[in-house]
Amino acid sequence: MDLKKIFRNDRAVSPVIGVVLMVAITVILAAAIGSSVFGQSPSKSAPQANINAKFTNYTNSIPANITIEHLGGDSISWGSAELRFYDVNGSEVDVNTNGLTDYFNVGDVEGLYINDTMNPNSLYNVKIVDSVTNQLICDKELRT
């Protein structure tokens, strides 16, 4: 008996193995992509609100008050939002926010006292940022 003839087979098996491997790779890729896409939770969004801001009691370089009014939209929780005030150069100006209520609802008016001296005829910027999503809620430009 010739062992070379028994174990020698000229029929090709590689196309069958190739197809099986391609199907297995496709299934694994589909499972990985599906689990990553469907495994994500929906993204959170910041509250949407229409807010007006203006200076009150401003005289030349004397520190002034800022009045912000909630004109409509979602309620804002000051526990998860930051109020920032910048001058024209982008430097943050110190604002006393101690008197803010817990929630800023539609129709509410909040008064803020500016602790720094201000430049006359300058632009200032009021920003309210949601600290949970780091998204901008309000961006108002004010002129003294």
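Scroll up for the structure.
These lines cover the structure that appears in this document, whether it is placed above or below. (Residues numbered from 1 in each chain as written. Predicted model: local features only at pLDDT ≥ 70, side-chain atom pairs only at ≥ 80, totals over all residues. Heavy atoms only, no water.)

**Quick look at the packing of aromatic side chains**
Inference 1: In this structure the tally under the stated criterion is 4 aromatic pairs.
Inference 2: With centroids separated by 6.0 Å and ring planes inclined at 85 degrees, the aromatic side chains of Phe55 and Tyr124 adopt a geometry described as edge-to-face. Residue Phe55 is found in strand β1 (residues 49–56), and its partner Tyr124 is found in strand β8 (residues 123–130); the two are separated by 69 residues along the sequence. As far as the burial class goes, Phe55 and Tyr124 line up, both buried.
Inference 3: When the ring of Phe85 is compared with that of Tyr124, the centres are 5.4 Å apart and the planes differ by 5 degrees; the resulting orientation is stacked. (Phe/Tyr/Trp six-rings, centres within 6.5 Å; stacked < 30°, edge-to-face > 60°. Helix = DSSP H or I, 4+ residues; strand = E, 2+ residues; numbered from the N terminus. Buried < 20%, exposed > 50% of the residue type's maximum accessible area, 1.4 Å probe, protein only.)

**Overview of the sheet that holds strand β5 (residues 95–96)**
Inference 1: What the 4 strands build is an open sheet, ordered β1-β2-β7-β5; its pairing is antiparallel. The open sheet has two free edges, formed respectively by β1 and β5, since each of these has just one partner strand.
Inference 2: Inspection of the sheet shows strand β2 (residues 65–73) paired to strand β7 (residues 109–114) by 5 bridges, in the antiparallel sense. Note that in β7 the partner of Asn65 across the bridge is Tyr113. (Pairing = 2+ DSSP bridges.)

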